[in-house]
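Spelled out from the first residue to the last, the chains are:
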Amino acid sequence: MAESIRRMLGRETAGGEGVVRGWLRTVRHGKGVSFLDVSDGSCMDGMQVVANPDTEGYEDVVRQLSTGCSVEARGAVVESPGKGQRFEFHATVVELVGEAGEDYPLQKKRHSFEFLRTIAHLRPRTNTIGAVLRVRNAASMAIHEFFQQEDFFYLHTPIVTASDAEGAGEMFRVTTLPIGDPPRDEKGAIDDAQDFFGRPTFLTVSGQLEAEIGALALSRVYSFGPTFRAENSNTARHLAEFWMVEPEAAFYDLNDLADLSERFLKFVFAKVLDRCEDDMAFFAKRIESEAINRMNTVIEKPFERIPYREAVSILEASGEPFEFPVGFGLDLQSEHERWLTEKHAGCPVIVTDWPKDIKAFYMYQNDDEQTVAAMDVLVGGVGEIIGGSQREHRLDVLESTIRGQGLEPDDYWWYLDLRRYGSVPHAGFGLGFERIVQFMTGMANIRDVIPFPRTPGQADF
RNA sequence: UCCCCGGUAGCUCAGCUGGUAGAGCAGGCGGCUGUUAACCGCCUUGUCGCAGGUUCGAGUCCUGCCCGGGGAGCCA
């Protein structure tokens, strides 16, 4: 195998033979010399391949090269006399592997992200999307590393679920019934009993309920996988298919969970900064100047914890002309979240103990009977980045909350069983993976931080 | 789903209050240069999103539709 350009550029010293394989970003011809910017995606920088009339294939290959074609060059790594790179590659042979005609869509100029989305099969070859994909990779691995070192087991929660009551938005139906002529029962309704699973099934909107099963056996688990929402929401923050990280831990209370979330963010961000230095420098320079600073704030500053009640008082006393009202029982808007973390605290903020009426049924009810043990982690620039809670582990309280919200306890029979047999306090949080990639990279649209975005009306590639 | 904005050359965009389409980049040719999204000169490229309508005349105004972007709601 050829050495990657990342490794080649990272060599201690020049000298030595090598092979460069990759795609041509641009080519500059001089009278007796040509410079090929060759990228193989292994790092931000490409390798400057230098060819001259002594290079085999100079006239019939090198002089004919164009942006986008793939090449293989054999030669030697030498110190570069030019500015802009430490090493360059002096080719003795250059071969064309795959040509790219003049209609190659990616030019050596800036393209709009909107246009790049229409050529998602080629956009990973751009600087920005390439860097995004490398950051995604580094962040994914850091997430696994973090949980492994914290003794969390990676639990594979299901993609297909029969529960249509997870309560987190519209779901995609999964069926093998013939769509034009489905079987009917005696009343003329579609006969779900004849469907593949014998009942209606959907793509999961959350692995949390199953993660709780895992936590109440292995003590600490996390799921990290695709999640689906059929909401018709068309924003820079929503995808129909996205990746979610959901740790769940037995014998954790809300404080333990807040501690975990703080360690988690600090660890993952530090790893990404360390392993994607060039990519992050690119984002800070070309996409969002605060990208690295924001991450460093999370890494360096202790998170401040503020109960919701107190947060509301602070916001009310702030004198800030907010667009949306503040008051007990009202959810915090993005503008409130950002003011709390950016102006008030100057560090990430964890808002705890929220009014039960605006939170989900499975959250632990506090002794005041008005609030639940929920938390939102707020960071500068985006607001909420993590949401979690201690779960209600008391059977009677959970059953009455389910009924109180008009839900049917029988639909949750196994979830309630977990409270019947060896129930323990436990807690967990969820975070949208693409949201933290957005936070890290400063990319404005979530469709540009996932390789193949799925949004309403869009499932190409 | 609602509100706002937009859809003009392969790409990024300009085109004022209606008068019949332009720049940069890409591409072609030539020049020059150990070059750095190289540079200089010349040249080519358009069903102006689609369908109607108003008008002597529509890229420009009106209506509908499609697509995209921003904001909102919902959320992760």
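Following both chains from N to C, one finds helix α6 (residues 277-287) and helix α7 (residues 291-300) inclined at 120°, their axes separated by 7 Å at the closest point. As the angle between them shows, α6 and α7 are arranged oblique. The residues of α7 that touch α6, namely those facing Met280, Ala281 and Ala284, are Ala291, Ile292 and Met295. Here the residues of the contact of α6 with α7 sort into six nonpolar, no polar and no charged.

Take the domain arrangement of chain A next. Domain boundaries assigned for chain A yield domain 1 (5-98) and domain 2 (124-170 + 205-448). The centre of domain 1, based on its C-alpha atoms, is set 45 Å off from the matching centre of domain 2. At the junction of the two partners, domain 1 supplies eight residues and domain 2 supplies eight residues. In total, about 610 Å² of surface goes out of reach between domain 1 and domain 2, with carbon and sulfur atoms giving 45% of it. A per-residue breakdown of the area domain 1 buries against domain 2 is headed by Trp23, Arg25 and Met44, which together make up 74% of the total. Taken together, the links from domain 1 to domain 2 amount to zero salt bridges. There are three residue pairs in polar contact (both at pLDDT 80 or more) connecting domain 1 and domain 2. Here the residues of the side of domain 1 that touches domain 2 sort into three nonpolar, three polar and two charged.

Attention now moves to the sheet that holds strand β9 (residues 201-203). Two orientations exist for strands paired in a sheet by backbone hydrogen bonds: parallel and antiparallel. Strand order across the open sheet formed by three strands is β7-β9-β8, with antiparallel pairing between neighbours. A strand with exactly one partner marks an edge of an open sheet, and here the two such strands are β7 (160-161) and β8 (173-174).

On to the nonpolar core. Within the largest apolar cluster, 58 residues are counted, with the highest numbers of intra-cluster contacts made by Phe264, Val268, Phe269 and Val272. Other than its neighbours up to four places away in sequence, valine 268 contacts Ala139, Ala142, Ile143 and Ile436. Grouped together as the second largest cluster of nonpolar side chains are 29 residues, Leu36, Tyr104, Leu116 and Leu122 included.

Over its 12 residues, helix α9 (residues 334-345) extends 15 Å from the first C-alpha to the last, a length consistent with the 16 Å expected when each residue adds 1.5 Å. For α9, the full list of buried residues reads His336, Glu337, Trp339, Leu340 and Thr341. In this structure, the buried side of α9 is in contact with α8 (308-317), β13 (349-355), β14 (371-379) and β15 (383-391). In the stretch just after α9, glycine 346 is the one whose phi turns positive, near 70°.

Right, let's get into the pattern of salt bridges. Pairing between side chains of opposite charge can happen when the charged atoms of each approach one another. Here the structure, examined in full by the defined rule, presents 24 salt bridges. Its salt-bridge partner being glutamate 145, residue arginine 275 comes within 2.6 Å of it at the nearest N-O pair. With arginine 275 in helix α5 (residues 254-275) and glutamate 145 in helix α3 (residues 127-149), the pair connects residues that are 130 residues apart, well separated along the chain. Residue glutamate 145 is classed as partly exposed on the basis of its relative accessible area of 28%. Note that arginine 420 is salt-bridged to aspartate 417, the shortest N-O span being 2.8 Å. Placement of the pair is arginine 420 and aspartate 417 together in helix α11 (residues 413-420), with a separation of three residues, close to one helical turn. On the basis of relative accessible area, arginine 420 is assigned to the partly exposed category, the value being 39%.

Another point: unusual backbone geometry. Note: most peptide bonds trans; most residues except glycine with negative phi. Here the phi dihedral of aspartate 151 falls at roughly 65°; this positive angle occurs in a residue that is not glycine. As for its placement among the helices and strands, aspartate 151 is situated in the loop between α3 and β6 (153-154). One non-glycine residue, serine 219, lies in the positive phi region at around 75°. The topology assignment puts serine 219 in the loop between α4 (208-218) and β10 (220-228).

With that settled, consider the protein's contact with RNA strand B. Around RNA strand B, the structure places 44 residues, and the nearest of them are Gly30, Glu88, Lys109, Glu114 and Arg435. For RNA strand B, the fraction of atoms within 4 Å of the protein that belong to sugar or phosphate moieties is 46%. Here a base oxygen of RNA strand B sits 2.7 Å away from a polar atom, N or O, in the side chain of glutamine 48. In this structure, histidine 111 approaches RNA strand B through a side-chain N or O atom, which is 2.9 Å from a sugar or linking oxygen.

Before going further, it helps to spend a moment on the environment of proline 456. In this fold, proline 456 is placed in the segment after α12 (433-441). Considering only alpha carbons, one finds proline 456 and glutamate 231, 225 residues apart in sequence, at a separation of 8.2 Å. Once residues lying within four places of it in the same chain are set aside, the contact partners of proline 456 are Glu231, Asn232, Ser233 and Asn234.

There is a patch of nonpolar side chains on the surface, built from Ile159, Val160, Phe196 and Phe197 and spanning about 370 Å² of accessible area. For isoleucine 159, the position within the fold is in the loop between β6 and β7. Among the residues examined, isoleucine 159 registers a relative accessible area of 34% and is labelled partly exposed.

Moving on, we come to the sheet that holds strand β1 (residues 17-29). Taking strand neighbours around the barrel as the criterion, the five strands line up as β1-β2-β3-β5-β4 in a closed arrangement whose pairing is mixed. If you compare each strand with its neighbour and ignore which way they point, the axes differ by 55° on average. Two strands pair when backbone bridges link them, and strand β2 (residues 34-39) and strand β3 (residues 47-51) are joined in this way by five bridges, in the antiparallel orientation. Across the sheet, valine 38 pairs through a bridge with methionine 47, a residue of β3.

How each quantity is defined
Residues numbered from 1 in each chain as written. Chains lettered and ligands numbered in written order. Predicted model: local features only at pLDDT ≥ 70, side-chain atom pairs only at ≥ 80, totals over all residues. Heavy atoms only, no water. Axes fitted to C-alpha atoms, helices over the stretch in contact; angles between N-to-C directions. Helix = DSSP H or I, 4+ residues; strand = E, 2+ residues; numbered from the N terminus. Parallel < 35°, antiparallel > 145°, perpendicular 65-115°, else oblique. Contact = heavy atoms within 4.5 Å. Nonpolar A, V, L, I, M, F, W, Y, C, P; charged D, E, K, R; others polar. Domains from an automatic or database assignment. Buried area = accessible area lost by both parts, 1.4 Å probe. Salt bridge = Lys/Arg side-chain N within 4 Å of Asp/Glu carboxyl O. Polar contact = N/O pair within 3.5 Å; in protein donor to acceptor, adjacent residues only side chain to side chain. Pairing = 2+ DSSP bridges. Core = buried A, V, L, I, M, F, W, Y, C linked by side-chain atoms within 4.5 Å. Buried < 20%, exposed > 50% of the residue type's maximum accessible area, 1.4 Å probe, protein only. Expected span 1.5 Å × (residues − 1). Near = heavy atom within 4 Å. Patch = residues over 30% accessible without salt bridge, like charges linked within 9 Å, V, L, I, M, F, W, Y side chains within 5 Å. Areas by Shrake-Rupley, 256 points an atom, 1.4 Å probe, with all protein chains shown as cover.

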